[in-house]
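# Examining the three-dimensional arrangement
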Amino acid sequence: MAFVTTHDGADIFYKDWGPRDAQPIVFHHGWPLSSDDWDAQLLYFLARDYRVVAHDRRGHGRSSQIDGGHDMDHYAADAAAVAEHLDLRNAVHIGHSTGGGEVARYVARYGQPQGRVAKMVLVSAVPPLMVQTADNPGGTPIAVFDGFRKALAANRAQFFLDVASGPFYGFNRPDAKVSEGAIRNWWRQGMMGSALAHCEGIAAFSETDQTEDLKAITVPTLVMHGDDDQVVPYENAALRQMKLLPNGQLKIYRGYPHGMLTTHAEVLNPDLLAFVRS
């Protein structure tokens, strides 16, 4: 198993598959998951001769259950540690949900200034700001996130089962084709991680204002979002991202849920490939 150790002692697990001289595609997972959530994309791009890289966020998956640094600044710095350790260049960074926030901060603060990034993709991503404030009236009320923290502390295993079997994949919709395997895999990934990292990570993904990150990113950026996303509503995420990104393009998927990379990989993977190749 491959790890890189950060400046504050976190051991970050990563996967690095494919030809070392090929263009790297780097994947950043959502909360509370791991790099395993990218299986369908890793294998898809690997089969097309790309180098694929994905890491487990600190406190998630196989990375160490360190007791600090569960914030977007550390997430981005950890991603930078992996990129620098592997000396990734001309990379395309793809982030889902919380991973989208991680990508935006990484690209703005590290990847773009260091000349390591060619393109960026935000999928069902949290920026610029999820929580409702006076300046962000369309955001999600803080009471919702407080409810997440309460449910996680009371019974994390049941909370994760409820999220996976309900809104994350849209399995609570009347016409949904439910995948028991997807539910169990989501739960498995979540329960591998640290309760502390997951609890503190809620503030990281919901209360971090990334307006300035988005404004600073000039590399070509693809924004992908489902219009039936019950976790990160697209109106306050994708549409606002497009207003802030200097070089963005938008794809809205009718009826697709938050976890559309799993439920609709056969549609999204070719769209990702087309953008990478463009």
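Above: the structure in question.
First things first, this report covers the structure right here in the doc. The structure presented is a predicted model; accordingly, all values stated were derived computationally and were not measured. (Residues numbered from 1 in each chain as written. Predicted model: local features only at pLDDT ≥ 70, side-chain atom pairs only at ≥ 80, totals over all residues. Heavy atoms only, no water.)

### Brief notes about the sheet that holds strand β1 (residues 2–5)
The strand order across the open sheet formed by eight strands is β1-β2-β4-β3-β5-β6-β7-β8, and the pairing between neighbours is mixed. A single partner strand is all that each edge strand has here, and the edge strands are β1 and β8 (248–253). Put simply, the sheet's adjacent strands are angled 20 degrees from each other on average, direction ignored. On top of the sheet, helix α1 (residues 39–46) reaches β2 (11–17), β3 (24–28) and β4 (51–55); it is set at about 40 degrees to β2, its chief contact. Together, β1, β2, β3 and β4 form the strand contacts of helix α2 (residues 72–86), whose direction differs from that of β2 by roughly 50 degrees. (Pairing = 2+ DSSP bridges. Helix = DSSP H or I, 4+ residues; strand = E, 2+ residues; numbered from the N terminus. Axes fitted to C-alpha atoms, helices over the stretch in contact; angles between N-to-C directions. Contact = heavy atoms within 4.5 Å.)

### Some thoughts on helix α4 (residues 142–165)
With 24 residues, α4 extends only 23 Å from end C-alpha to end C-alpha; this falls clearly short of the ideal 34 Å at 1.5 Å per step. By the burial criterion, the buried members of α4 are Phe145, Arg149, Leu152, Arg156, Phe159, Phe160, Val163 and Ala164. Buried-residue contacts for α4 involve α5 (180–192) and α6 (195–207). (Expected span 1.5 Å × (residues − 1). Buried < 20%, exposed > 50% of the residue type's maximum accessible area, 1.4 Å probe, protein only.)

### Overview of α1
Every buried residue of α1 is listed here: Gln41, Leu42, Tyr44 and Phe45. Buried positions in α1, seen along its axis, are confined to an arc of 165 degrees and lie on one side of it. Buried residues along α1 sit against β2, β3, β4, α9 (260–263) and α10 (265–277). (Arc of directions from axis to C-beta.)

### Observations regarding the pairing of β2
In terms of burial, β2 is a largely internal element, five of the seven residues being buried. The pairing of β1 with β2 spans four bridges and is antiparallel. By the bridge assignment, Phe3 is partnered in β2 with Phe13. Connecting the antiparallel pair β1 and β2 is a turn made up of five residues, with Gly9 showing a positive phi of about 90 degrees.

### Quick word on the packing of aromatic side chains
On inspection of all chains with the given rule, the structure shows 18 aromatic pairs. Here Phe3 and Phe13 contribute two aromatic rings whose centre-to-centre distance is 5.7 Å and whose plane-to-plane angle is 65 degrees, an arrangement assigned as edge-to-face. Taken as a pair, Phe3 in strand β1 and Phe13 in strand β2 lie far apart in primary sequence, ten residues in all. For Phe3, a relative accessible area of 36% translates into the label partly exposed. Ring centres of Phe145 and Phe205 lie 6.1 Å apart, and the angle between their planes is 75 degrees; on these two criteria the pair is classed as edge-to-face. Of the two residues, Phe145 sits in helix α4 while Phe205 sits in helix α6, which places them 60 residues apart along the sequence. Using a relative accessible area of 7% as the deciding quantity, one classes Phe205 as buried. Members of the aromatic cluster, each reached through a chain of ring pairs, are Trp31, Phe145, Phe148, Phe159, Phe160, Phe168, Tyr169, Phe171, Trp186 and Phe205. Over the ring of Phe275 we find Lys119, and its NZ or CZ is 5.0 Å from the ring centre. (Phe/Tyr/Trp six-rings, centres within 6.5 Å; stacked < 30°, edge-to-face > 60°. Lys NZ or Arg CZ within 6 Å of the ring centre and 35° of its normal.)

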